[in-house]
Amino acid sequence: MTLRIIIADDHPVVRIGARSVIHGSGVGEVVAEAATAQDLLAYLSTHPCDVLVTDYSMPDSTVPDGFAMISMIRRRYPLLPVLMLSVSSNLAILRMVRDAGVLGLVDKGSSMDELPVAIRTVHRGLPYVSLSLKERVEAAGSSAIVEGEGRPLSPREVEVLRLLGKGMTVKDIATLLHRSASTISRQKGDAMLKLGLNSDAQLFDYLRNGQL
C-alpha cells in the first residue's frame, strides 16, 4: 500500500531530505509540503492523507504553531496518525505531544533512515520513538528542569515560555493565541514560580539554555 503523506517543516532542507527518504523507500507518496502552520492546516483540508509528518515549531505563520497547532489538528482529524519531527529532548514538550495524541517522535537531528519504519508503525496505530531521542530523554533523568519545584509546567505555560524564548512579547503572544495579555502574564508568572525563577533575567537565561 502506498501511503499518502503530508510533510510540514519550516526548513526546506528537512522537507527535501524527508521527501527523498520517503520516495526512495517506497513507503508512500508526499502529496503536500508545508512550511508554516497556516499552510499545513490549509493542505490538510484539501489533500487527503494517511500520515502527517510535522515539525513542532514553525513560527512564521498567522496561526499558532507548537502545542496549539498539534491540538487543533488532533481535534479536526482525530483518526490521522501524527509523526512529529523533533530536535528537543525537553520532557514537557514530549509529554504534551504524547498526551495530545502524537503517535511518533523522530529525532530530525540524526539520520532520517528510520523515517519509513516510523511512518509504517504509526500508520498501524502503534507508537514509535527514535532510539536517539529515547536516550536523550532518559539522560535528562528525573531532575529535568521542566519539573521545577516539583510541579510540572502545564501545556499552556510551556507554550508561553517557548514563544517568549523566540523573542515574542507578552502582547505578541496574547494576539497570536487569542488570549488576553493578563492571562499570558499570569501563565508566565506561574511558570517562573514553578521553575524557581525570580526575575526576567533568570527566565531568559533559562530559555537560552533550555530547549523550549
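Relevant structure appears above.
Let me sum up the structure you'll find in this document. (Residues numbered from 1 in each chain as written. Predicted model: local features only at pLDDT ≥ 70, side-chain atom pairs only at ≥ 80, totals over all residues. Heavy atoms only, no water.)

## Some words on the sheet that holds strand 1 (residues 3-8)
Adjacent strands of a sheet form backbone hydrogen bonds with each other and so pair up, either parallel or antiparallel.
Part 1: Read from one edge to the other, the open sheet built from six strands follows the order 2-1-3-4-5-6, with strand pairing classed as parallel. The strands lining the two open edges of the sheet, one partner per strand, are strand 2 (28-34) and strand 6 (128-129).
Part 2: Sheet analysis places strand 3 (residues 51-55) next to strand 4 (residues 82-86), joined by four bridges and oriented parallel. The residue of strand 4 that forms the bridge with L52 is V82.
Part 3: Along the sheet face, helix 3 (residues 66-76) touches strand 3 and strand 4 and points at about 170 degrees away from the line of strand 3. (Pairing = 2+ DSSP bridges. Helix = DSSP H or I, 4+ residues; strand = E, 2+ residues; numbered from the N terminus. Contact = heavy atoms within 4.5 Å. Axes fitted to C-alpha atoms, helices over the stretch in contact; angles between N-to-C directions.)

## Quick look at the side chain of K108
Part 1: Of note, K108 is situated in the loop between strand 5 (104-107) and helix 5 (115-123).
Part 2: Accessibility expressed as a relative area gives 16% for K108, which makes it buried.
Part 3: In terms of polar contacts, K108 uses its side chain to reach the side chain of D9, at 2.8 Å.
Part 4: A polar contact of 2.9 Å, which involves the side chain of K108, links it to the side chain of D55. (Buried < 20%, exposed > 50% of the residue type's maximum accessible area, 1.4 Å probe, protein only. Polar contact = N/O pair within 3.5 Å; in protein donor to acceptor, adjacent residues only side chain to side chain.)

## Let's talk about the side chain of R15
Part 1: Considering the arrangement of structural elements, one finds R15 in helix 1 (residues 12-25).
Part 2: Judged by its relative accessible area of 15%, R15 is buried.
Part 3: Those residues within four positions of R15 in sequence are excluded, and the remaining contacts are I7, D9, D10, E33, A34 and A35.

## Some words on the environment of R75
Part 1: Position of R75 relative to the elements: it lies in helix 3.
Part 2: Sequence separation between R75 and G101 is 26 residues; the distance between their C-alpha atoms is 9.9 Å.

## Digging into the pairing of strand 4
Part 1: Among the five residues of strand 4, five are classified as buried, and the element is accordingly described as predominantly covered.
Part 2: Both faces of strand 4 are covered, namely the face carrying V82, M84 and S86 and the face carrying L83 and L85.
Part 3: With four bridges joining them, strand 4 and strand 5 adopt parallel strand pairing. The residue of strand 5 that forms the bridge with M84 is L105.

## Section: the packing of helix 1 against helix 5
Part 1: At their nearest, the axes of helix 1 and helix 5 sit 9 Å apart, and the two run at 75 degrees to each other. If you check the angle between helix 1 and helix 5, you find them roughly perpendicular. On helix 5, the residues that touch A18, V21, I22 and S25 of helix 1 are L115, P116, I119 and R120.
Part 2: Partitioning the contact of helix 1 with helix 5 into residue classes produces six nonpolar, one polar and one charged. (Parallel < 35°, antiparallel > 145°, perpendicular 65-115°, else oblique. Nonpolar A, V, L, I, M, F, W, Y, C, P; charged D, E, K, R; others polar.)

## Let's talk about the pattern of salt bridges
Pairing between side chains of opposite charge can happen when their charged atoms approach one another.
Part 1: Scanning the model with the defined rule gives nine salt bridges in all.
Part 2: Residue D50 is joined to R4 by a salt bridge in which the shortest nitrogen-to-oxygen separation is 3.2 Å. In this pair, D50 is assigned in the loop between helix 2 (37-46) and strand 3 and R4 in strand 1, connecting sequence segments 46 residues apart.
Part 3: The exposure class assigned to D50 is buried, which follows from its relative accessible area of 13%.
Part 4: When salt bridges that share partners are traced, they join D9, D55 and K108 into one network. (Salt bridge = Lys/Arg side-chain N within 4 Å of Asp/Glu carboxyl O.)

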